[in-house]
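One-letter residues, chain by chain:
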Amino acid sequence: MTDAITLTWRDAFGMSVMLAGICSILNGAQLLWIRREFESGGILSWRVLRTSHPRLLRSRWIRAADVVFAPPVFTALIVIQVLAALVLVLRPFEARSWVLATVIAVRLLANFRSRVAMIGADQMQVVVLSACLVHASAPLPLVQAAGWFVALQLLLAYVAAGIVKLLTPSWRTGAALRGIVRTRSLGLRVAYLQGERFPQLMTAACWATIVFESVFPWLLFGGSALCLVFLATGLLFHLGVGVVMGFDEFLWAFAAAYPLALRCAMDVDLFWAVR
Amino acid sequence: MAVVVEALLALWFICSLANQFCPGRWRWGRRFTAILKRTDPLALVPDYRYFAPAPPAFDLELLYRDRLRDGSVTPWRAFDISSDPRWRLFWNSGKRRYQAAADHCARLIHQATLQIVGQRTAEQMYLSSSYVAVVQYVAGASHSIAGVETQFLIAVSAGFDTRREPAIALVSPFFRL
């Protein structure tokens, strides 16, 4: 089993850097696309968002924050994020720590600026990029710890989502997905119409989501071959969610953690081989 | 140095784990959430409970209309919240705009509900950051050239299910443009 897949930590982190870089380019490009919303009168205008930081408003840092979080400086920061992420995508295996730190810093500033516009993919991105930063600037034992940190966060992300869905009655009956695909903001007309024709389809999809999220991630501890089953199913899952619900960044953000999960599963192979 | 980094990663993971399973009805859970809110302004600790326990089943629609100089009002106009289904697997730039607008609208509906039961005053709602955000957003939209005032309306709709009538959740007073 161990011979079937060989992946060094360097390879795994390189692939993660590339996928996380693509996600950060997509994220930055979309923020630039809606940059009008950052200006006065936009839904993400700093003039309004600053009121959700009462401690900052009372502090002496507010003047600096007013400069950093409003255009044109904030827009320039997003451009810097895109450029730095482009460097990561072009040279993923020689990722420099300062380039990674730049992308992380801008993403954290964006998280701080507007919690209302944050999506789950943003947090997974910071998790993966931070581990990549450790890899770029630390010795091997730490690299392993950083890899396992990402793998465990990935496991937690799916399992927590799966368990909470399992405990939610509307997910068990299929009503949750029927409701989601019905909305124009998150849903898809075709999926809604098919769900109306075949309600059992929605119930099955809800249960498939619950089973995948709460059971499949544990395959990580079954070794690399079983982990590949989990990751392949995960990719299909995110593609489906992307098509139906329009979560473009989710696909890249979670896929960026996959190479590290696979590398950790190879550690598990070794563990079982030794035993 | 290595120990410090390992400890930080471990702390990050433990906080992430705790954040998924700290229901608000337990005292320690509420305390943890409150501490996290104060100490994690960068949102480092993730919340992975996507679409549960309250999956969205309705759209929040934001509409506005203008009052013209002669006192008449224009028909309601809605902000577009849908995205092109052909491309959104690769490109969905509107999702953050919608999410921010929907988040503010949901907070406003919540505050209006509190106002009805006497736990909030109208002034508190009008001075809230969500109200100011929506007012700014509506004021920044395209208006009739003869418009002097505008007002917004938040409606809850069943999306593609046209058999259900949308419900009006909140109507703002007119405010000057």
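Residues numbered from 1 in each chain as written. Chains lettered and ligands numbered in written order. Predicted model: local features only at pLDDT ≥ 70, side-chain atom pairs only at ≥ 80, totals over all residues. Heavy atoms only, no water.

Caption draft 1: How the structure looks around the interface of chain B and chain A. Counting from both sides, the interface comprises 62 residues of chain B and, opposite them, 78 residues of chain A. When chain B packs against chain A, the two sides together hide about 6300 Å² of surface, and 63% of this comes from carbon and sulfur. Taken together, chain B and chain A are joined by 7 salt bridges. For the salt bridge of aspartate 122 of chain A with arginine 96 of chain B, the shortest nitrogen-to-oxygen distance reads 2.9 Å. Across the contact surface, chain B and chain A share 32 residue pairs in polar contact (both at pLDDT 80 or more). At 10 residues, the largest contribution of residues to the side of chain B that touches chain A is made by helix 3 (residues 94-116) of chain B. Per-class residue counts for the side of chain B that touches chain A are 35 nonpolar, 11 polar and 16 charged. (Contact = heavy atoms within 4.5 Å. Buried area = accessible area lost by both parts, 1.4 Å probe. Salt bridge = Lys/Arg side-chain N within 4 Å of Asp/Glu carboxyl O. Polar contact = N/O pair within 3.5 Å; in protein donor to acceptor, adjacent residues only side chain to side chain. Helix = DSSP H or I, 4+ residues; strand = E, 2+ residues; numbered from the N terminus. Nonpolar A, V, L, I, M, F, W, Y, C, P; charged D, E, K, R; others polar.)

Caption draft 2: Focus on the pattern of salt bridges. A full pass over the atoms with the stated rule returns 19 salt bridges over all chains. One salt-bridge network, held together by shared partners, links Arg107, Asp122, Asp248 and Glu249 of chain A together with Lys95 and Arg96 of chain B.

Caption draft 3: Region of the structure containing the pairing of strand 3 (residues 147-157) of chain B. Residues and elements named next belong to chain B. For strand 3, the buried fraction is high: 9 of the 11 residues fall into the buried class. Inspection of the sheet shows strand 1 (residues 59-68) paired to strand 3 by 10 bridges, in the antiparallel sense. Directly across from leucine 62, in strand 3, lies its bridge partner isoleucine 154. Bridge analysis of strand 3 against strand 5 (residues 175-176) gives 2 bridges, and the strand direction is antiparallel. By the bridge assignment, glutamate 149 is partnered in strand 5 with arginine 176. Bridge count between strand 3 and strand 4 (residues 167-171): 4 bridges; the pairing is antiparallel. Directly across from leucine 153, in strand 4, lies its bridge partner valine 171. (Buried < 20%, exposed > 50% of the residue type's maximum accessible area, 1.4 Å probe, protein only. Pairing = 2+ DSSP bridges.)

Caption draft 4: Up close: the layout of surface pockets. Residues and elements named next belong to chain A. Roughly 530 Å³ of volume is contained in the second largest pocket. If you trace the second largest pocket, you find 28 residues lining it, with Leu177, Thr209, Phe237, Val241 and Met245 closest to the centre. Only helix 8 (140-166), helix 10 (175-182), helix 11 (189-197), helix 12 (199-215), helix 13 (224-245) and helix 14 (248-255) provide two or more residues apiece to the lining of the second largest pocket. Residue composition of the lining of the second largest pocket, grouped by class: 22 nonpolar, 4 polar and 2 charged. (1 Å grid on protein atoms, 1.4 Å probe; cavity = no way out; pocket = protein on both sides within 12 Å on 5 of 7 lines; lining within 4 Å. Points joined across faces, edges and corners; volume = space filled by probe spheres on them.)

Caption draft 5: Broad picture of the side chain of glutamate 149 of chain B. Its location among the elements puts glutamate 149 of chain B in strand 3. When neighbours within four sequence positions are excluded, glutamate 149 of chain B is seen to be in contact with Arg65, Asp66, Arg67, Phe174, Phe175, Arg176 and Leu177 of chain B.

Caption draft 6: Broad picture of the nonpolar core. Counting 80 residues, the largest nonpolar core has Met124, Leu154 and Phe254 of chain A as the members making the most contacts within it. The residues contacting leucine 154 of chain A, other than those within four sequence positions of it, are Met124, Phe230, Phe254, Ala257, Tyr258 and Ala261 of chain A. Counting residues in each nonpolar core, the second largest holds 44 residues, with Phe74, Leu77 and Phe112 of chain A together with Val134 of chain B among its members. (Core = buried A, V, L, I, M, F, W, Y, C linked by side-chain atoms within 4.5 Å.)

Caption draft 7: Layout of empty space enclosed by the protein. The tally for this structure, following the rule as stated, stands at 1 cavity of 30 Å³ or more. Put simply, the largest cavity is a space of about 120 Å³. If you trace the largest cavity, you find 14 residues lining it, with Leu31, Ala110, Asn111 and Ser114 of chain A together with Arg96 of chain B closest to the centre. Only helix 1 (9-33) and helix 6 (97-113) of chain A provide two or more residues apiece to the lining of the largest cavity. Take the lining of the largest cavity: its biggest share by element is 4 residues, from helix 6 of chain A. In terms of residue class, the lining of the largest cavity is built from 7 nonpolar, 3 polar and 4 charged.

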